[in-house]
Amino acid sequence: MAVHELAGQPAPFTLLANIPRLITAYFSERPDPDEPAQRIVFGTSGHRGSALKRSFNEAHVLAVTQAICDVRKKHRISGPLFLGIDTHALSEPARVSALEVLTANGVATMIDQDGRYTPTPVISHAILAYNRGRRDGLADGIVITPSHNPPEDGGIKYNPPHGGPSETSLSAEIETRANSLLARAAEEVPRVPIGQARNAPTTHYHDYVTGYTADLASVLDIDAIRGARVRIGVDPLGGAGVAFWPAIAERYGINIEVVNKEVDPTFRFMPLDWDGRIRMDCSSPHAMANLIALSKRFDVAFGNDADHDRHGIVTPSCGLMNPNHYLAVAIDYLFSHRTRWPATLAIGKTVVSSSLIDRVAAACGRRLTEVPVGFKWFVKGLGEGALGFAGEESAGASFVRKDGSVWTTDKDGLLLGLLAAEMCAVTQRDPGESYEALTRRYGAPVYERIDAPATREQKARLARLTRGELHAAMLAGEPIEEVLTHAPGDCNPIGGIKVSTRNGWFAARPSGTEDVYKIYAESFIGTEHLRRVQSEAHALVSVALK
C-alpha cells in the first residue's frame, strides 16, 4: 500500500469534514433501498455509512432502531436498554432519532445523566452489571458509533443481554426487518417528539462514568499503579472516553495526563492516516503520531479509537506496539499474576492473530481457543467463565476480573490501556521491554497484512474455499502442516483459508467492504521469509480462485 505524502502530518483545512453539510444530509437525504450501497448492512459491528453517501441517514437509524425494538419483543427482552454514543458528528442526531423511536415503543432507555459520550465497553459493563443474578427482565444496549472510521461516517450497533456484539443470527434478523422498513421509507416507524421523549417516564438518566470507574478495582491492581507512581499519558483521540480518564485519575489517585482533551467533530487535531484521510485508528503509527512523539515523557502511554473499544500502547522502549505483540505480553503477564483465576480459564485468539500467542499459551499451560475473525466469537466464553482473556489482532481485547468473573463481553480499550500501566508498576519494565523478553524465549515473529484485488465473485469463492482446492505441499520452503477453513476453537467457518508450516503461516479472507481480499502472514524466520510466504500465498489463492 502506498503511503500518502501527508501521512502522520496535521490535516490541512481543505480535508476537514463540512459538519453543517453532513448534518443537513442526515436529515434531508433519502436512501434508495434498491441501491445496494444505500441499504442496511447489519453485521457484528452494526450498520455504518455516511449521510453524504446516503448510507447513514435518519431513515437508516429509524429503521434499525425499530428493528431492534421488534427483535426485543420477539425474544422477550423486557429490561432497560442502555444507549450510548461516541463523538462522531452523526452520533448526536442519531441518538435523538433512536430515542424518539425507543420511547414510542415503550422501551425503558438509560441515557447518560449529563449527556456525555459513552464508550462501547461501558455499555457492555452496564448491561452485565444490571443482568447479574437476573433470569428475566434482562437489559441490552445500543451504541451509536462507526468506531475508528473517518469523521463523515456514522454507525449503530446492538449488544443483546449477553453484553457483547450481536451474534450472526440476531444481526440477520435486525438487518432483514430494518431493510423491510427502509423499503417503505421508514413510514411505519412510530416516533415521539424529542422534547417528550427526554421527559418520558421510560427515559432514565444514568451515571455511566461512576458505574464503570468505581468497578475498575475489581479487575485491575490499582494499588500497584498508584504505589509505583506510574506516569501515564492518554490520548483519547477526541473519543468517547474523554470524561472517563479524569474521573479515573481522581477516584484512584493515579498519575494520568490527558494530552489532548479536545472534542471536535472534524477531528482536526488528528494526524492523517496512511492514505491521507482522518481516521481514529489507535493501531496506526500515522494516526498516533502525536502521542508517539511524547513517548519519552511517560512510563507508558495509550490511545483509543472513537468508541474506546480498541487500544494503542506507546512505550519509551519501542514507541507504538504492534497489537499482536501487546496481546502476547498481556497474556503472559495476566496468567502469571492473576493467582485467583481458575486453572480452567483458557486463552482466546482469532485465527489471524500471532502464533506467538500459541507459544505463550503453551508455556502458561493454558488451553488455546482459536476462533474466526470478530469479537462476537468470544462472547460466550467470556460470559460463561471459560475464557480468561480474549483478543484479536486489530487491537481489541478484554479479560475477566481478579476473581475470574466476567468484566465485559465486548472489547475494552480503557482496560487494556490501564493494564499496561499495571504491568509497568509490577514488573518495573514497560510492555515493549517485556515483549523483547518474550522473543528471547519464544522467537521474534514478523507479521503483516496486505491486500490483493478480487472481484465480488472471487471473494465469494474464497469464502467457500475448501482444503482440497489448495494444491500445494510446501510453503516458502517448508512442508505445510495444517490447512484450515474452520476455526479449531469452535468449528465455525473462517470465511477463507489458513495455511501453516512450522515457522510461518498465511490466512486469506475476503474484504466485506472493498474489492480486495486480505492476506495475513507471519514468519518466525525473518522478513525475507515473510515475503516468500506472502508471494506464494498470493499465487496459491489466485490459482484456487480461477
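Residues numbered from 1 in each chain as written. Predicted model: local features only at pLDDT ≥ 70, side-chain atom pairs only at ≥ 80, totals over all residues. Heavy atoms only, no water.

### Concerning the environment of Leu83
- Position of Leu83 relative to the elements: it lies in strand S2 (residues 81-85).
- For Leu83, a relative accessible area of 1% translates into the label buried.
- With 40 residues separating them along the chain, Leu83 and Ile123 place their C-alpha atoms 7.4 Å apart.
- Sequence-distant contacts of Leu83, defined by excluding residues within four places in its chain, comprise Arg95, Leu102, Thr109, Met110, Ile111, Ile123, Ile142, Ile144 and Tyr208. (Helix = DSSP H or I, 4+ residues; strand = E, 2+ residues; numbered from the N terminus. Buried < 20%, exposed > 50% of the residue type's maximum accessible area, 1.4 Å probe, protein only. Contact = heavy atoms within 4.5 Å.)

### Notes on the pairing of strand S9 (residues 300-304)
- When you tally the buried positions in S9, you get 5 out of 5 residues, the bulk of the element.
- Burial along S9 is two-sided: Val300, Phe302 and Asn304 and Ala301 and Gly303, pointing in opposite directions, are all buried.
- Bridging between strand S7 (residues 232-235) and S9 involves 4 bridges; their strand directions are parallel. Counted as the bridge partner of Asp235 is Gly303 from S9.
- Pairing of S9 with strand S10 (residues 311-315), which is carried by 4 bridges, proceeds in the antiparallel orientation. Note that in S10 the partner of Gly303 across the bridge is Gly312.
- Remark: 6 residues form the turn of the hairpin made by S9 and S10, two consecutive strands paired antiparallel; His308 in that turn has positive phi of roughly 60°. (Pairing = 2+ DSSP bridges.)

### Observations concerning the packing of aromatic side chains
- If you walk through the whole model with that rule in mind, you get 12 aromatic pairs.
- Geometrically, the ring pair formed by Phe82 and Tyr130 is edge-to-face, given 6.3 Å between the ring centres and 65° between the ring planes. Residue Phe82 is found in strand S2, and its partner Tyr130 is found in helix H4 (residues 120-131); the two are separated by 48 residues along the sequence.
- A centroid spacing of 6.4 Å and a plane angle of 10° characterise the contact between Phe389 and Phe399, whose relative ring orientation is stacked. With a gap of 10 residues between them, Phe389 in strand S14 (residues 387-392) and Phe399 in strand S15 (residues 396-399) connect regions that are remote in the sequence.
- These aromatic residues form a ring-pair network of at least three members: Tyr26, Phe27 and Phe56.
- Here the basic side chain of Arg359 rests over the ring of Phe524, its NZ or CZ set 3.6 Å away from the ring centre.
- Over the ring of Trp505 we find Lys498; its NZ or CZ atom is 4.5 Å from the centre of that ring. (Phe/Tyr/Trp six-rings, centres within 6.5 Å; stacked < 30°, edge-to-face > 60°. Lys NZ or Arg CZ within 6 Å of the ring centre and 35° of its normal.)

### Focus on the sheet that holds S10
- Strand order in the open sheet formed by 5 strands is S8-S7-S9-S10-S11, with mixed pairing between adjacent strands. Of all strands in the sheet, those with a lone pairing partner are strand S8 (256-258) and strand S11 (319-320), marking the two edges.
- Across 3 bridges, the pairing between S7 and S8 is parallel. For Val234, the partnering residue across the bridge sits in S8 and is Val258.
- Helix-sheet contacts for helix H9 (residues 244-252) involve S7, S8 and S9, and the interaxial angle to S8 is about 160°. (Axes fitted to C-alpha atoms, helices over the stretch in contact; angles between N-to-C directions.)

### Re the pattern of salt bridges
- All told, the structure shown has 33 salt bridges when counted by the stated rule.
- Between Arg72 and Asp140 there is a salt bridge, with its nearest N and O atoms 2.8 Å apart. Pair noted here: Arg72 is in helix H2 (residues 58-74) and Asp140 is in strand S4 (residues 140-144), with a separation of 68 residues, a long-range link.
- By relative accessible area, Arg72 is classed as buried at 5%.
- Put simply, Asp223 and Arg226 hold a salt bridge, and the shortest N to O gap is 2.4 Å. (Salt bridge = Lys/Arg side-chain N within 4 Å of Asp/Glu carboxyl O.)

### Re the pairing of strand S22 (residues 516-523)
- Buried residues dominate S22, accounting for 7 of its 8 residues.
- Judged from the 8 bridges that link them, strand S16 (residues 446-453) and S22 form a sheet pairing that is antiparallel. Each residue of the ladder has a partner; that of Ile450, found in S22, is Ile519.

### Here's the deal with the sheet that holds S2
- If you walk across this open sheet you meet the 6 strands as S1-S5-S4-S2-S3-S6, and the pairing is mixed. Every interior strand has two partners, whereas the edge strands, strand S1 (47-50) and strand S6 (203-206), have only one. Ignoring which end each strand starts from, the neighbouring axes of this sheet average 20° apart.
- Sheet analysis places S1 next to strand S5 (residues 153-159), joined by 4 bridges and oriented antiparallel. When the sheet's bridge partners are listed, Ser50 is paired in S5 with Asp153.

### Section: the packing of helix H11 (residues 323-337) against helix H14 (residues 413-427)
- Running from N to C, H11 and H14 cross one another at 60°; their axes reach a closest spacing of 11 Å. The pairing of H11 with H14 is recorded here as oblique in orientation. Crossing of H11 against H14: the hand is left-handed. Residues Tyr326, Val329, Ala330, Tyr333, Leu334 and His337 of H11 touch H14, and the partners they reach there are Leu416, Leu419, Ala420, Glu422, Met423, Val426 and Thr427.
- Looking at side-chain class alone, the contact of H11 with H14 contains 10 nonpolar, 2 polar and 1 charged residues. (Parallel < 35°, antiparallel > 145°, perpendicular 65-115°, else oblique. Left-handed = near helix turned anticlockwise from the far one by under 90°. Nonpolar A, V, L, I, M, F, W, Y, C, P; charged D, E, K, R; others polar.)

### Considering the environment of Arg338
- Structurally, Arg338 can be placed in the loop between H11 and strand S12 (346-350).
- Every residue in contact with Arg338, bar those within four places of it in the chain, is listed here: Val219, Leu220, Asp221, Tyr333, Phe399, Lys402, Leu419 and Glu422.
- There is a polar contact of 3.1 Å between the side chain of Arg338 and the backbone oxygen of Val219. (Polar contact = N/O pair within 3.5 Å; in protein donor to acceptor, adjacent residues only side chain to side chain.)

### A few points about the environment of Arg198
- In this fold, Arg198 is placed in helix H6 (residues 194-198).
- Judged by relative accessible area, which is 41%, Arg198 ranks as partly exposed.
- The spacing of Arg198 and Pro493 is 295 residues in sequence and 44 Å in space, taken between C-alpha atoms.
- The residues touching Arg198, leaving out its near neighbours within four places in the chain, are Val96, Leu99, Thr203 and Tyr205.

### A closer look at H9
- Burial in H9 covers these residues: Phe244, Trp245, Ile248, Ala249 and Tyr252. With its buried residues spanning 135° around the axis, H9 presents them on a single face.
- Downstream of H9 by a residue or two, Gly253 has a phi angle that is positive, lying close to 65°. (Arc of directions from axis to C-beta.)

### Observations regarding unusual backbone geometry
- Even without being a glycine, Leu237 presents a positive backbone phi close to 55°.
- Take Leu237: it is sitting in the loop between S7 and H9.
- Taking relative accessible area as the criterion, Leu237 reaches 1% and is therefore assigned buried.
- With a phi close to 65°, Cys491 is a non-glycine residue in the positive phi region.
- Within the secondary structure, Cys491 sits in the loop between strand S19 (482-486) and strand S20 (493-500).
- Overall, Cys491 belongs to the exposed group, its relative accessible area being 59%.

Function cannot be inferred from these measures alone, as they are strictly geometric.
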